[in-house]
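# Coordinate inspection notes
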Amino acid sequence: EAGVVQSPRYKIIEKKQPVAFWCNPISGHNTLYWYRQNLGQGPELLIRYENEEAVDDSQLPKDRFSAERLKGVDSTLKIQPAELGDSAVYLCASSLAGRGDTQYFGPGTRLTVL
Amino acid sequence: QKEVEQDPGPLSVPEGAIVSLNCTYSNSAFQYFMWYRQYSRKGPELLMYTYSSGNKEDGRFTAQVDKSSKYISLFIRDSQPSDSATYLCAPGPGAGSYQLTFGKGTKLSVIP
């Protein structure tokens, strides 16, 4: 069974540029999560989707971050414009159902903003 | 006070040693207690989880939860170089919450 797929694996951009990350969850997983992991820290949730609906986006900085999950499968996380402080690893995870089910993480996208 | 406190290490031990990794938490609503392992340049993977207080053993790994003191432990017996990774504790979805609250992680190196 294929795991969570993310692309790109690495991205280097200059500040004020836009950037987008893509995630393909495990087949059949209805719940999708985007996390941000700063260096030396644990992952922090940005947004959670149940199918195509964003049910928890309270930690998403909405002035510059946006996300979508069209058709309830793949998801894209966008930052526009990027700031130096956005440098981090962006992790996507998926699970069968939200509460109490194992979250399976992708390898992440390492973003560097110069 | 952060919801989850974890000593970031790094922790270096010789092969075969017993390793003890610990976390404290502050939210009494936490019901599930998970340990994730994260290898360098990889995403976290679930290692073990326990529900409520008590011990759970899986091979060389033992997870322990003491809800009265809000203390979570992971023990690794006969540690191997392949155990070298960062270990993240994550009190799981509590009542009404779907959000994992990760500790900072403890970086473990097992020296051959």
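Below is a short write-up of the structure. (Residues numbered from 1 in each chain as written. Chains lettered and ligands numbered in written order. Predicted model: local features only at pLDDT ≥ 70, side-chain atom pairs only at ≥ 80, totals over all residues. Heavy atoms only, no water.)

Looking only at helices and strands, chain A has 0 helices and 11 strands in total. What you see for chain A is a C-alpha radius of gyration of 13 Å, in line with the 13 Å of a compact globule of 114 residues. Projected onto its principal axes, the C-alpha coordinates of chain A cover approximately 35 × 25 × 25 Å. The burial tally for chain A puts 45% of its 114 residues in the buried class. Within chain A, contacts between residues at least 6 apart in sequence are counted, and of these 54% link residues at least 24 apart. (Helix = DSSP H or I, 4+ residues; strand = E, 2+ residues; numbered from the N terminus. Rg over C-alpha atoms; globule rule 2.2 N^0.38 Å. Buried < 20%, exposed > 50% of the residue type's maximum accessible area, 1.4 Å probe, protein only. Contact = heavy atoms within 4.5 Å.)

This part covers the state of the cysteines. Residues and elements named next belong to chain A. If you walk through the whole model with that rule in mind, you get 2 disulfides over all chains. Each sulfur of the disulfide joining cysteine 23 and cysteine 92 lies 1.9 Å from the other. Handedness of the cysteine 23-cysteine 92 disulfide follows from its S-S torsion of about -70°: it is left-handed. Of the two residues, cysteine 23 is situated in strand 3 (residues 19-24) and cysteine 92 in strand 9 (residues 88-95); the sequence distance between them amounts to 69 residues. For the pair cysteine 23 and cysteine 92, a shared accessibility class is recorded, and that class is buried. (Disulfide = S-S within 2.5 Å.)

Let's shift gears to the interface of chain B and chain A. At the junction of the two partners, chain B supplies 20 residues and chain A supplies 23 residues. A combined buried area of about 1800 Å² lies between chain B and chain A, and 53% of that area is made up of carbon and sulfur atoms. Applying the counting criterion to the chain B and chain A interface returns 0 salt bridges. Connecting chain B to chain A are 3 residue pairs in polar contact (both at pLDDT 80 or more). When residues in the side of chain B that touches chain A are grouped by element, the largest group, 3 residues, is from strand 4 (residues 32-38) of chain B. (Buried area = accessible area lost by both parts, 1.4 Å probe. Salt bridge = Lys/Arg side-chain N within 4 Å of Asp/Glu carboxyl O. Polar contact = N/O pair within 3.5 Å; in protein donor to acceptor, adjacent residues only side chain to side chain.)

Let us now look at the packing of aromatic side chains. Centre-to-centre distance and the angle between the planes together describe a pair of aromatic rings. Throughout the structure, instances matching the rule amount to 12 aromatic pairs over all chains. Note on phenylalanine 105 of chain A and tyrosine 36 of chain B: the rings are 5.6 Å apart at their centroids and 85° apart in plane angle, and the pair reads as edge-to-face. Placement of phenylalanine 105 of chain A in strand 10 (residues 104-105) and of tyrosine 36 of chain B in strand 4 is noted, with the two residues assigned to different chains. Look at phenylalanine 105 of chain A and you get buried, because its relative accessible area is 11%. On the accessibility criterion, tyrosine 36 of chain B (0% relative accessible area) is buried. Arranged with centres 6.1 Å apart and planes meeting at 75°, the rings of phenylalanine 105 of chain A and phenylalanine 102 of chain B form a pair that is edge-to-face. Note that phenylalanine 105 of chain A is positioned in strand 10 and phenylalanine 102 of chain B in the loop between strand 9 (85-91) and strand 10 (106-111), a pairing that runs across two chains. (Phe/Tyr/Trp six-rings, centres within 6.5 Å; stacked < 30°, edge-to-face > 60°.)

With that out of the way, let us pick up the sheet that holds strand 7 (residues 61-66) of chain B. Strands in a sheet are paired, the pairing made by backbone hydrogen bonds, and the direction either parallel or antiparallel. Residues and elements named next belong to chain B. In space, the 5 strands of this open sheet follow the order 1-3-8-7-6, with antiparallel pairing throughout. Two strands lie at the open edges of the sheet, namely strand 1 (4-6) and strand 6 (54-58), each paired on one side alone. Going from strand to strand, the sheet's axes swing by 15° on average, the running direction of each strand aside. As defined by bridge partners, strand 6 adjoins strand 7 across 5 bridges and the pair is classed as antiparallel. When the bridges of strand 7 are listed, lysine 56 appears paired with alanine 63. (Pairing = 2+ DSSP bridges. Axes fitted to C-alpha atoms, helices over the stretch in contact; angles between N-to-C directions.)

Residues and elements named next belong to chain A. Taken in spatial order, the 4 strands line up as 1-3-8-7 in an open sheet, and their pairing is antiparallel. Because the sheet does not close on itself, it has two edges, and the strands there are strand 1 (5-7) and strand 7 (65-68). Strand-to-strand twist across the sheet, computed as the mean angle between neighbouring axes with direction ignored, equals 15°. Alignment of strand 1 against strand 3, held across 3 bridges, turns out to be antiparallel.

This next bit is on the layout of surface pockets. Within this model, the largest pocket holds a volume of roughly 720 Å³. Contributing to the lining of the largest pocket are 32 residues, with Gln37, Leu39, Gly40 and Arg110 of chain A together with Gln38 of chain B lying nearest its centre. Of all elements in the fold, only strand 9 and strand 11 (109-113) of chain A together with strand 9 and strand 10 of chain B reach the threshold of two or more residues within the lining of the largest pocket. Across the lining of the largest pocket, the residue classes break down as 12 nonpolar, 14 polar and 6 charged. For the second largest pocket, the calculated volume is near 340 Å³. Taken together, 17 residues line the second largest pocket, and the ones lying closest to its centre are Pro43 and Glu44 of chain A together with Gln99, Thr101 and Phe102 of chain B. A total of 3 residues in the lining of the second largest pocket trace back to one element, the largest contributor, which is strand 5 (residues 44-50) of chain A. (1 Å grid on protein atoms, 1.4 Å probe; cavity = no way out; pocket = protein on both sides within 12 Å on 5 of 7 lines; lining within 4 Å. Points joined across faces, edges and corners; volume = space filled by probe spheres on them. Nonpolar A, V, L, I, M, F, W, Y, C, P; charged D, E, K, R; others polar.)

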